[in-house]
Amino acid sequence: MAEIRPFRCIRPNKEVASKVAALPYDVYNRQEAKKEVEKNPMSFLAVDRAETQFPDEVDLHDPRVYEKAKELLGQWQREGILVPDEAEGYYVYELTMDGRSQSGIVACAAVDDYVNGVIKKHENTREDKEQDRICHVDVTDAHTGPIFLAYRSDGELNRIVAEVCRQEALYDFTAEDGIRHRVWKAAETGTAETASGAAREKGAPESWTSRIRERFRQMEGIYIADGHHRAASAVKVGLKRRAENPGYMGEEPFNYFLSVLFPDDQLLIMPYNRVVKDLNGRTAEEFLKEVSGRFEVRNLGEAGQPKERHHIGMYLAGQWYGLKMLPEYVTDDPVKGLDVSLLQDNLLAPVLGIGDPRTDGRIQFVGGIRGLGELERLVDGGQGAVAFAMYPTSIGELFSVADAGLLMPPKSTWFEPKLRSGLFIHKLSETN
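Residues numbered from 1 in each chain as written. Predicted model: local features only at pLDDT ≥ 70, side-chain atom pairs only at ≥ 80, totals over all residues. Heavy atoms only, no water.

(A) Focus on the environment of V237. Take V237: it is sitting in helix α10 (residues 228–244). Residue classification places V237 among the buried residues on the basis of a relative accessible area of 0%. Sequence separation between V237 and N299 is 62 residues; the distance between their C-alpha atoms is 52 Å. Beyond its immediate chain neighbours, meaning those up to four positions away, V237 contacts I134, V137, D138 and L428. (Helix = DSSP H or I, 4+ residues; strand = E, 2+ residues; numbered from the N terminus. Buried < 20%, exposed > 50% of the residue type's maximum accessible area, 1.4 Å probe, protein only. Contact = heavy atoms within 4.5 Å.)

Following this line, the structure appears as structure tokens:
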């Protein structure tokens, strides 16, 4: 049973929502974030990456950085840039990219569900990356970037979302990257602000929150799609608050963390491609000969994204090749059978010497959103000797790994479009 609850949201004033909404904090390096904030001082990156407010010599993890984030969050509320909703509710967040839409329910997920494995993960996290967000959440007393969760599509939830979206949207804007963002509130009661006349006549708004909550309570598992470090950090802050408040009752906001939950059949996973700096002492001819021991290799006339599992594109010395895994090396194991694992176990490790892709500086990961041209650019420009274009991991494979209690190799999935930060803020203490 998953406990997914409504919450009292702090969110941008409608007139400035498009300026406030920002891509996730970890999409940018420090200089990129600084340029974004210089271009748009109202970008939520100013809060999520408050080092942008300091000279470069100030360390990213300096306590002043987190205090500045807290200060800006309070300042923006006093100035009316961010405003608290009067009542709790769920929200529907729709993102449209290239004519394709996905609609998620914005809510708070339970710390206990993460601890007990109802919310399932498929990646390891790094303590150093967790610590930054732990400090940010704890000092600001807020979750500012939602965790991207997925669930097996549910007909009743789909109907509820469709009902909610018949209202006038709270926000409707298209960001600079061409992605359209729309938001609706699913309140407990139908008011002039939360429901159209037709919806009120049907009585739907009175039951939205209870219907949503009950449907999630019927689910045995929810899955982290993206945001493992943010989820782990939010949970650790929640557990820290419990230790500081031994008389906690379980309903306090710090027992829950901000999330957007999407049905699995609406999600787009793009490939996560690989570029390796050198051929581990081999010539291109020697390398190709070794590769052909475990893959069927053929020349391609031009770049082509792999169309099916166990097929990999390879760019080497100005030429594209198609690699097909030989049947005897394919396995049904949920982790070892992933294309990223087959490449790692049969080529990257034994031939190129990439033993641990998490720590080896010779390998670079390139999100599929950048296209195959980015792989060509890196190899042709001397930043890599060989590139691999992957077939994307499916949401079914992700679920299978998580259900088995296993972990995927690093950089197995790239989800698009990215959720914007700053549109929904969840306070860990009671909001006045």
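(B) Seen up close, the packing of helix α6 (residues 127–140) against α10. Two elements in contact, α6 and α10, have axes separated by 8 Å at closest approach and are oriented at 50°. Viewed along their axes, α6 and α10 adopt a mutual orientation that is oblique. Viewed along their axes, α6 and α10 form a crossing whose handedness is right-handed. For the pair α6 and α10, the contacting residues are K129, E130, R133, I134, V137 and D138 in the first and H229, R230, A232, S233, K236, V237, K240 and R241 in the second. Its residues assigned to classes, the contact of α6 with α10 shows 4 nonpolar, 2 polar and 8 charged. (Axes fitted to C-alpha atoms, helices over the stretch in contact; angles between N-to-C directions. Parallel < 35°, antiparallel > 145°, perpendicular 65-115°, else oblique. Left-handed = near helix turned anticlockwise from the far one by under 90°. Nonpolar A, V, L, I, M, F, W, Y, C, P; charged D, E, K, R; others polar.)

(C) How the structure looks around the pairing of strand β8 (residues 147–151). Across the 5 residues that make up β8, a large majority, 5, are buried. Burial of the side chains of β8 extends over both faces: I147, L149 and Y151 are buried on one face and F148 and A150 on the other. As judged from the 5 bridges shared by β8 and strand β12 (residues 256–263), these two strands associate in the parallel manner. Within the sheet, the bridge partner assigned to A150 lies in β12 and is F262. Across 3 bridges, the pairing between β8 and strand β11 (residues 222–226) is antiparallel. Among the inter-strand pairings, A150 is bridged to a residue of β11, identified as Y223. (Pairing = 2+ DSSP bridges.)

(D) Local environment of the packing of aromatic side chains. In this structure the tally under the stated criterion is 11 aromatic pairs. Here the aromatic rings of F44 and W76 are separated by 6.2 Å at their centres, their planes lie at 65°, and the arrangement is edge-to-face. Residue F44 is found in the loop between α2 (30–39) and α3 (45–48), and its partner W76 is found in helix α4 (residues 63–78); the two are separated by 32 residues along the sequence. Residue F44 shares its accessibility class with W76, and that shared class is buried. Ring centres of F148 and F262 lie 5.0 Å apart, and the angle between their planes is 55°; this geometry places the pair in the tilted category. Placement of the pair is F148 in strand β8 and F262 in strand β12, with a sequence separation of 114 residues. Since its relative accessible area comes to 4%, F148 is described here as buried. One Lys or Arg, R133, reaches over the ring of Y25 and ends 3.9 Å from the middle of that ring. (Phe/Tyr/Trp six-rings, centres within 6.5 Å; stacked < 30°, edge-to-face > 60°. Lys NZ or Arg CZ within 6 Å of the ring centre and 35° of its normal.)

(E) Structural view of the packing of α4 against α6. Interaxial distance between α4 and α6 falls to 9 Å at its minimum, and their mutual angle equals 40°. With respect to α6, the axis of α4 lies oblique. Once α4 is placed against α6, the crossing between them reads as right-handed. Facing Y66, E67, A69, K70 and L73 of α4, the residues of α6 in contact are D132, C135, H136, V139 and T140. Broken down by class, the residue content of the contact of α4 with α6 amounts to 5 nonpolar, 2 polar and 3 charged.

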